[in-house]
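In case you want the letters, here they are:
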Amino acid sequence: MEWTRDRIVVSDGIELAYEDIGEPDAPVILLIMGYASQLIVWPESFCHLLADGGYRVIRFDNRDVGLSTKVDDDRPLSIIGLRLRQQFKLPLNVAYTLDDMTADTVALLDALNISSAHIVGASMGGMIAQLMAANYPERVSSLVSLMSSSSFGGMKPKVLWHILNKAAPDREAQIAHSLKTWRLISSPELGDPEQQLRARIEAAYDRGHHPAGKARHMAAIMASGNRQKLLHKIKSPTLVIHGDKDPMLPLKGAKDTARRIPNARLEIIEGMGHDLPEALLDELVSLILVHVRGADAAV
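These numbers were taken from a predicted model, which means no experiment stands behind them. (Residues numbered from 1 in each chain as written. Predicted model: local features only at pLDDT ≥ 70, side-chain atom pairs only at ≥ 80, totals over all residues. Heavy atoms only, no water.)

### Considerations on the pairing of strand β1 (residues 4-11)
Working step 1: Here β1 pairs with strand β2 (residues 14-21) via seven bridges, running antiparallel. Residue pairing for β2: R5 is matched across the bridge by E19.
Working step 2: Adjacent in sequence and paired antiparallel, β1 and β2 are bridged by two residues, among which G13 carries a positive phi angle near 80°. (Pairing = 2+ DSSP bridges. Helix = DSSP H or I, 4+ residues; strand = E, 2+ residues; numbered from the N terminus.)

### A short note on the environment of E15
Working step 1: Structurally, E15 is set in strand β2.
Working step 2: Beyond its immediate chain neighbours, meaning those up to four positions away, E15 contacts R7, I8, V9, S68 and T69.
Working step 3: There is a polar contact of 2.5 Å between the side chain of E15 and the side chain of R7. (Contact = heavy atoms within 4.5 Å. Polar contact = N/O pair within 3.5 Å; in protein donor to acceptor, adjacent residues only side chain to side chain.)

### Structural notes on the layout of surface pockets
Working step 1: In this structure, the second largest pocket occupies an estimated 330 Å³ of space.
Working step 2: Those elements that place two or more of their residues in the lining of the second largest pocket are α2 (79-87), α5 (157-164) and α8 (211-224).
Working step 3: In terms of residues, the lining of the second largest pocket owes the most to one element, α2, which gives five residues.
Working step 4: Looking at side-chain class alone, the lining of the second largest pocket contains 11 nonpolar, three polar and one charged residues. (1 Å grid on protein atoms, 1.4 Å probe; cavity = no way out; pocket = protein on both sides within 12 Å on 5 of 7 lines; lining within 4 Å. Points joined across faces, edges and corners; volume = space filled by probe spheres on them. Nonpolar A, V, L, I, M, F, W, Y, C, P; charged D, E, K, R; others polar.)

### Some thoughts on the nonpolar core
Working step 1: Counting residues in hydrophobic clusters, the biggest one holds 55 residues, and the most contacted among them are L30, L98, L108 and I119.
Working step 2: With eight residues, the single largest contributor to this core is helix α4 (residues 124-135).
Working step 3: Excluding anything up to four places from it in sequence, L108 contacts I8, V10, L16, Y18, L30 and F60.
Working step 4: Among the nonpolar cores identified, the runner-up in size contains 30 residues, and I29, M33, I269 and L289 belong to it. (Core = buried A, V, L, I, M, F, W, Y, C linked by side-chain atoms within 4.5 Å. Buried < 20%, exposed > 50% of the residue type's maximum accessible area, 1.4 Å probe, protein only.)

### Regarding the sheet that holds strand β4 (residues 56-60)
Working step 1: Spatially, the eight strands line up as an open sheet ordered β1-β2-β4-β3-β5-β6-β7-β8, and their pairing is mixed. Both outer strands of the open sheet, β1 and β8 (265-269), are each paired with one neighbouring strand and no more. Taken pair by pair, the neighbouring strands of this sheet meet at an average axis angle of 25°, ignoring direction.
Working step 2: Pairing of β2 with β4, which is carried by four bridges, proceeds in the antiparallel orientation. When the bridges of β4 are listed, D20 appears paired with I58.
Working step 3: The strands touched by α4 within the sheet are β3 (28-32), β5 (117-122) and β6 (140-146), with β5 carrying the most contacts at an inclination of about 145°.
Working step 4: Across the face of the sheet, helix α9 (residues 251-260) comes into contact with β6, β7 (238-243) and β8 while running at roughly 170° to β7. (Axes fitted to C-alpha atoms, helices over the stretch in contact; angles between N-to-C directions.)

### With respect to empty space enclosed by the protein
Working step 1: Tallying each qualifying case throughout the model produces one cavity of 30 Å³ or more.
Working step 2: Put simply, the largest cavity is a space of about 60 Å³.
Working step 3: Looking at the largest cavity, the residues that line it are Y35, S123, M124, M127, F152, M155, M218, I221, M248, L249 and H274.
Working step 4: Listed by contribution, the elements that provide at least two residues to the lining of the largest cavity are α4 and α8.
Working step 5: Residues that form the lining of the largest cavity fall into these classes: nine nonpolar, two polar and no charged.

### Re the pattern of salt bridges
Working step 1: Evaluation of the coordinates by the stated rule reveals 18 salt bridges.
Working step 2: One salt bridge connects R198 with E172, and the closest N-O pair in it is separated by 3.3 Å. Placement of the pair is R198 in helix α7 (residues 194-208) and E172 in helix α6 (residues 171-185), with a sequence separation of 26 residues.
Working step 3: Owing to a relative accessible area of 26%, R198 belongs among the partly exposed residues under this scheme.
Working step 4: Relative accessible area serves as the criterion here: at 40%, E172 is assigned to the partly exposed category.
Working step 5: The network of salt bridges with shared partners includes R5, E19, E44 and R59. (Salt bridge = Lys/Arg side-chain N within 4 Å of Asp/Glu carboxyl O.)

Here it is, written out as structure tokens:
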């Protein structure tokens, strides 16, 4: 199967780059990637396996990342400053929130003439997927919240401080910083080899390096608060998948997500961190396919 690649207007001033694979009339699985991550972070083999399972698989770049629109916003942005304002319950002046990114996702379905889809969101993408299922229920055939959470917090301090510690602007320094990030958050024993990680990081840098978008993604997460009071509204069949070794969004957040969504099922993957290593792709695909097929059969 061949990829279709395009960039499409979804709202005023916002174009999203997307790729899809699989039969055009097959049920759709829409993949939403996380914080500062491009669509290529969804492994090719993962997408092919889902498509081979009988689905049209779509992955896309969120706004401010990859080949999608870079938001024109020059207001000064300090994550530490936002955190301090958050602690004192002061309003956060940010370019956009997760609600805006959720609206982008719905608008992408509109632009592609897709009435509803199975939504699989990873990390920040899982937060967007939760908002979509709660606020646009007719567009969500089923929900998979993958290595995500009902709120934002609990990140291991060494991960947080590394993310906040900016690297020098040159290509090699940026790649080294990203490589250390992945070492910190990847599955301890199951993560992909370093050479493979470096190749992916270099490909992402050359495809669409955009540090300002990374900061605005974090600001959007912080400004959006938690979704705990919304999750009970979700009626779509829901699967929550999380690793027991996740240092970025701890397992307790996934447990809380599953507890708050009616009839949600929680699958804990032993040894999984905050990544999608090749060693776990077959297991993840199997869980997702069983879930979406069950949702399709129940219609």
